[in-house]
Amino acid sequence: MNIDYMKLALQIAYDNVKNKKGGPFGAVIVKNGKIIGKGTNLVTTTNDPSAHAEITAIRNACQHLEDYQLKDCDIYTSCEPCPMCLGAIYWARPKAVYYYNTRKEAAEIGFDDQYIYDQLALAINKRSLHMKKIECKTKLLPFELWKNTTDKIEY
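Just so we're clear, the structure is a prediction, and the values are computed from it rather than from any experiment. (Residues numbered from 1 in each chain as written. Predicted model: local features only at pLDDT ≥ 70, side-chain atom pairs only at ≥ 80, totals over all residues. Heavy atoms only, no water.)

**Digging into the layout of surface pockets**
Moving on, step 1. Approximately 320 Å³ is the volume found for the largest pocket.
Moving on, step 2. Along the walls of the largest pocket sit 24 residues, with Phe-25, His-52, Cys-82, Phe-111 and Asp-113 positioned nearest its centre.
Moving on, step 3. For the lining of the largest pocket, the elements supplying multiple residues, two or more each, are α2 (43-46), α3 (53-65), α5 (103-108) and α6 (114-121).
Moving on, step 4. Of the residues forming the lining of the largest pocket, the biggest block, four residues, is contributed by α5. (1 Å grid on protein atoms, 1.4 Å probe; cavity = no way out; pocket = protein on both sides within 12 Å on 5 of 7 lines; lining within 4 Å. Points joined across faces, edges and corners; volume = space filled by probe spheres on them. Helix = DSSP H or I, 4+ residues; strand = E, 2+ residues; numbered from the N terminus.)

Below, the structure is given as structure tokens:
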């Protein structure tokens, strides 16, 4: 853990708001003492609801590494990750995440993810977003193809 990386994540978040690029969120990804990725919240400037600071930092770092995983990396982020970012972080497999503001503090300024946490805890048929499995007859079975492919790159 290095406080300077956290200060950088906070500076990125601060500048993002000051420059009217998006929300007050910034992230830095570090590997072996070197910054390999940075990201800010770009949701409103890119019209992309997935453009959270952690996601943009992960994309940036993975491009830098030319890898889809962040093994042996640390993520420093200005706020405790939301459910979407947390999912992406788990998929990226860094060794640690360090954050400054809590999700409670984020909720106090209008970024409340509790509804999503609550929805994820419900059974699919109890969620407010309608979701239904559809059966259809087809010869294209991607899961079967994946299962039987021997030269796939597993992740």
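**Looking at the nonpolar core**
Moving on, step 1. Ranked by internal contacts, the top residues of the largest apolar core, which has 16 residues, are Ile-29, Ile-36, Ile-58, Ala-61, Leu-70, Cys-73 and Ile-75.
Moving on, step 2. Counting only elements with at least two residues in this core, the list comes to β1 (26-31), α3, β3 (73-79) and α4 (83-92).
Moving on, step 3. It is α3 that provides the largest number of residues to this core, a total of five residues.
Moving on, step 4. Ignoring sequence-local partners within four residues, the contact set of Cys-73 consists of Ile-29, Val-30, Lys-31, Ile-36, Leu-65, Pro-94, Lys-95 and Ala-96.
Moving on, step 5. Of all hydrophobic cores here, the second largest spans seven residues; its members include Ala-9, Ile-12, Val-28 and Tyr-76. (Core = buried A, V, L, I, M, F, W, Y, C linked by side-chain atoms within 4.5 Å. Buried < 20%, exposed > 50% of the residue type's maximum accessible area, 1.4 Å probe, protein only. Contact = heavy atoms within 4.5 Å.)

**Details of α3**
Moving on, step 1. The end-to-end C-alpha distance of α3, which contains 13 residues, comes to 18 Å, matching closely the 18 Å that a straight helix rising 1.5 Å per residue would cover.
Moving on, step 2. Buried residues of α3: Ala-53, Glu-54, Ile-55, Thr-56, Ala-57, Ile-58, Ala-61 and Cys-62, and no others.
Moving on, step 3. Buried residues in α3 make contact with β1, β2 (34-40), β3 and α4. (Expected span 1.5 Å × (residues − 1).)

**Examining the pairing of β3**
Residues in a regular strand point their side chains to alternate faces of the sheet.
Moving on, step 1. The buried count for β3 comes to seven of seven residues, which makes it a mostly enclosed element.
Moving on, step 2. Relative to β3, β1 is paired through five bridges, and the arrangement is antiparallel. Paired with Val-30 across the bridge in β3 is Asp-74.
Moving on, step 3. As paired elements, β3 and strand β4 (residues 96-101) share five bridges and run parallel to each other. Across the sheet, residue Asp-74 finds its bridge partner in β4, namely Ala-96.
Moving on, step 4. Regarding the hand of the β-α-β motif, the stretch spanning β3, α4 and β4 is right-handed. (Pairing = 2+ DSSP bridges. Right-handed = clockwise from strand over helix to strand, strands pointing away.)

**Notes on the sheet that holds β1**
Moving on, step 1. With respect to topology, four strands assemble into an open sheet ordered β2-β1-β3-β4, the strand pairing being mixed. With partners counted over all chains shown, the strands left at the sheet margins are β2 and β4, one partner each. Recorded for the sheet is a direction-independent mean angle of 15° between the axes of neighbouring strands.
Moving on, step 2. Across the face of the sheet, α3 comes into contact with β1, β2 and β3 while running at roughly 140° to β2. (Axes fitted to C-alpha atoms, helices over the stretch in contact; angles between N-to-C directions.)

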